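Tertiary structure, described
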Amino acid sequence: MKEHKVAIISDTHGHIDAGIIEIIKKCDSVIHAGDICGAHVLSQLSEICDDVTAVTGNNDAPGLWHESETEIVSQIPRTATIALPGGTICVEHGHIHGMHQPEHESLRLAHPEARVIIYGHTHTMLIDDEHKPWVVNPGAAGSTRTRGGPSCLVLTAVEKGEWDIEMIRFEDEAVA
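For the structure given in this document, a descriptive report is provided here. Everything numeric in this text was worked out from a predicted model, so none of it was measured. (Residues numbered from 1 in each chain as written. Predicted model: local features only at pLDDT ≥ 70, side-chain atom pairs only at ≥ 80, totals over all residues. Heavy atoms only, no water.)

1. Examining the side chain of H111
Position of H111 relative to the elements: it lies in the loop between helix 4 (104–110) and strand 6 (116–118). Among residues more than four places away in sequence, those in contact with H111 are C90, E92, I117 and P133. (Helix = DSSP H or I, 4+ residues; strand = E, 2+ residues; numbered from the N terminus. Contact = heavy atoms within 4.5 Å.)

Encoded structure:
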């Protein structure tokens, strides 16, 4: 049975952790839920994976990236929708649904057609599958406010429509 693996990351803030890169290499596609903070991150993802989807975060705007990257950051969408076997994923950074803690009900109302809604912003990894659509956050895949270590999610979609999401965290290195 054919399966499609999706690496889900967010909040790289200009740096992708080496462990996260190794996870992405094993996946068919990658989703970045915002706060990319530089075209070099998008280039790095494109070198690793042929299928990259990214949305802007509150730190991804002209004036916040280097001026030579204004055109690039201006072309990144605020939201994205991705069709997979068994359903649709909707992606946004989430900050417009609550600056400190995006409200899951607000996200669900904004994307009722989704099977899974992905957001970032809080740097806190979670899977809320109590209601449909599921609402997930991969945490921070870089080195900024990782809340215990860089993290990501891997969604596996199977042709029969079965979906599974794995939480992956790399321990923060001890500070000497």
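2. Topic: the nonpolar core
Among the nonpolar cores identified, the biggest contains 23 residues, and I9, I20, I24, V30, I36, L45 and W65 are the most heavily contacted of them. Put simply, the parts of the chain that give this core at least two residues each are strand 1 (3–9), helix 1 (18–25), helix 2 (39–48) and strand 9 (151–158). In this view, I36 contacts T12, H13, G14, V41, L42, A54, V55, D60, W65 and I76; residues no more than four positions away in its chain are not counted. Core analysis: the second largest hydrophobic core is formed by 20 residues, I31, A80, I118 and V136 among them. (Core = buried A, V, L, I, M, F, W, Y, C linked by side-chain atoms within 4.5 Å. Buried < 20%, exposed > 50% of the residue type's maximum accessible area, 1.4 Å probe, protein only.)

3. Considerations on the pattern of salt bridges
Evaluation of the coordinates by the stated rule reveals four salt bridges. Ionic pairing is found between K5 and E3, a salt bridge with its closest N-O pair at 3.9 Å. (Salt bridge = Lys/Arg side-chain N within 4 Å of Asp/Glu carboxyl O.)

4. Brief notes about unusual backbone geometry
In this model, K132 is joined to P133 through a cis peptide bond whose omega is -10 degrees. Relative to the helices and strands, P133 is located in the loop between strand 7 (125–128) and strand 8 (134–138). Phi is positive for D11, which is not a glycine, with a value near 50 degrees. In this structure, D11 sits in the loop between strand 1 and helix 1. Note on D11: relative accessible area 0%, which makes it buried. Non-glycine residue H123 carries a positive phi angle of around 65 degrees. Inspection of the secondary structure assignment puts H123 in the loop between strand 6 and strand 7. For H123, a relative accessible area of 1% translates into the label buried.

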